[in-house]
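# Chains, contacts and geometry: an overview
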Amino acid sequence: MTVVHHPRVAWEGARTFVNAAEDNVYWWLSDAVGRSLGAAHQTRLSETRLRLQRENAWLAETAAWRVRLEGMLQDRPELAPVVQRLVTETSRRLSR
């Protein structure tokens with residue numbers, strides 16, 4: 001049995017989502033987040049992308065996503081593998 005450390009999943013998700021928001025991978029991730037985590041998270045990702053385009057907000061956005069994802073995983077721990085898959089696939093796409 002694998003133990004999932006939700007704070008770690010949230011941190012990796014936050015860093016990856018914010019990095020992707022500044023890249024063309026955003027379009028794939030936005031769709032995947034909408035399907036997997038819901039429209040509210042998809043909208044927040046869009047807002048992150050807009051803030052990053054207007055200001056140097058990488059740290060603030062990463063912190064916000066960490067808190068957001070950690071809260072979501074506390075409420076719905078079954079989503080941890082979903083977030084991990086999104087992080088893995090997004091990271092793979094970012095490294096191309």
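For the structure given in this document, a descriptive report is provided here. (Residues numbered from 1 in each chain as written. Predicted model: local features only at pLDDT ≥ 70, side-chain atom pairs only at ≥ 80, totals over all residues. Heavy atoms only, no water.)

## Quick look at the packing of aromatic side chains
Inspection of the entire model under this criterion finds 2 aromatic pairs. Arranged with centres 5.4 Å apart and planes meeting at 75°, the rings of Phe17 and Trp65 form a pair that is edge-to-face. Of this pair, Phe17 sits in helix α1 (residues 6–21) while Trp65 sits in helix α4 (residues 58–75), placing them 48 residues apart in sequence. Residue classification places Phe17 among the buried residues on the basis of a relative accessible area of 0%. (Phe/Tyr/Trp six-rings, centres within 6.5 Å; stacked < 30°, edge-to-face > 60°. Helix = DSSP H or I, 4+ residues; strand = E, 2+ residues; numbered from the N terminus. Buried < 20%, exposed > 50% of the residue type's maximum accessible area, 1.4 Å probe, protein only.)

## Comments concerning the packing of α1 against helix α2 (residues 25–37)
At their nearest, the axes of α1 and α2 sit 8 Å apart, and the two run at 135° to each other. Classified by the angle between their axes, α1 and α2 sit oblique to one another. Between α1 and α2, the contacting residues are Phe17, Ala20 and Ala21 on the first element and Val25, Tyr26, Leu29, Val33 and Leu37 on the second. Tallied by class, the residues present in the contact of α1 with α2 amount to 8 nonpolar, no polar and no charged. (Axes fitted to C-alpha atoms, helices over the stretch in contact; angles between N-to-C directions. Parallel < 35°, antiparallel > 145°, perpendicular 65-115°, else oblique. Contact = heavy atoms within 4.5 Å. Nonpolar A, V, L, I, M, F, W, Y, C, P; charged D, E, K, R; others polar.)

## Section: the pattern of salt bridges
According to the stated counting rule, one finds 8 salt bridges in the structure shown. Ionic pairing is found between Arg35 and Asp31, a salt bridge with its closest N-O pair at 2.2 Å. Placement of the pair is Arg35 and Asp31 together in helix α2, with a separation of 4 residues, close to one helical turn. Measuring nitrogen to oxygen at the nearest pair gives 2.4 Å for the salt bridge that ties Arg92 to Glu89. Here Glu89 and Arg92 lie together in helix α5 (residues 80–94), a separation of 3 residues that amounts to about one turn. Arg92 gets classed as partly exposed once you look at its relative accessible area, which sits at 40%. (Salt bridge = Lys/Arg side-chain N within 4 Å of Asp/Glu carboxyl O.)

Remember, this is a structural readout, not a statement about activity or role.
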